[in-house]
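Here is what each chain is made of, one letter per residue.
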Amino acid sequence: MLVLITYDVNTETAAGRARLRKVAKQCVNYGRRVQNSVFECILDNAQCIMLKSILTDIIDENVDSLRFYYLGNKYQTKVEHIGVDRGLAADQTLIL
């Protein structure tokens, strides 16, 4: 299923900037960045639970926030894009 993950991490402190880097790094491991704090991730249920747990452990819930949008398996009809696209789609194969 396609999961859209957005986050807002308070970066007023060095600890906040470190949390921001950690959140972004984990999201990159599971999907692709489509905007600065927005990632598209193709995940199965177990991966989704794991990533949500990892990210929840990283953030400070008093000053940061996470949002998960579950678009399901038929997400192609739910996503419209206009303008410059960043990189490959989350479900495309990358051959090195």
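Here, every reference points to the structure presented above.
Note that the coordinates shown come from a computational prediction; the quantities given were computed from them, not determined experimentally.

With that settled, consider the overall build of the protein chain. Along its length, the protein chain carries 2 helices and 4 strands. When the elements of the protein chain are put in sequence order from the N terminus, they spell out β-α-β-β-α-β. Expressed as a percentage of the 96 residues in the protein chain, the buried residues total 29%. Contacts in the protein chain between residues far apart in sequence, at least 24 positions, make up 65% of those at least 6 positions apart. When the accessible surface of the protein chain is totalled, it reaches about 6700 Å², and 51% of it is carbon and sulfur.

Tallied over the entire structure, the rule returns 2 salt bridges. The shortest N-O distance in the salt bridge between R32 and E40 comes to 3.3 Å. On the basis of relative accessible area, R32 is assigned to the buried category, the value being 14%. Residue classification places E40 among the buried residues on the basis of a relative accessible area of 13%.

Once that is clear, we can look at helix 2 (residues 45-58). Taking 1.5 Å per residue, 14 residues should reach 20 Å; helix 2 reaches 20 Å between its end C-alpha atoms and fits that length. Within helix 2, burial applies to C48, L51, L55 and I58. The buried residues of helix 2 occupy one face: seen down the axis, they fall within an arc of 95°. For helix 2, the exposed residues set more than 90 degrees away from the buried face come down to N45, A46, I49 and D57. Summarising the contacts, the buried residues of helix 2 are in contact with strand 1 (2-8), helix 1 (14-30), strand 3 (38-42) and strand 4 (65-72). For helix 2, the side-chain oxygen to backbone nitrogen distance between the N-cap and A46 is 3.1 Å, and the N-cap itself is D44.

In this structure, I5, Y7, V23, C27 and L55 are the most contacted members of the largest nonpolar core, which totals 17 residues. Residue contributions to this core peak at 4 residues, all from helix 2. Leaving out residues up to four positions away in the same chain, V23 has contacts with Y7, V9, L55, I58 and I59.

Parameters and conventions
Residues numbered from 1 in each chain as written. Predicted model: local features only at pLDDT ≥ 70, side-chain atom pairs only at ≥ 80, totals over all residues. Heavy atoms only, no water. Helix = DSSP H or I, 4+ residues; strand = E, 2+ residues; numbered from the N terminus. Buried < 20%, exposed > 50% of the residue type's maximum accessible area, 1.4 Å probe, protein only. Contact = heavy atoms within 4.5 Å. Areas by Shrake-Rupley, 256 points an atom, 1.4 Å probe, with all protein chains shown as cover. Salt bridge = Lys/Arg side-chain N within 4 Å of Asp/Glu carboxyl O. Expected span 1.5 Å × (residues − 1). Arc of directions from axis to C-beta. Polar contact = N/O pair within 3.5 Å; in protein donor to acceptor, adjacent residues only side chain to side chain. Core = buried A, V, L, I, M, F, W, Y, C linked by side-chain atoms within 4.5 Å.

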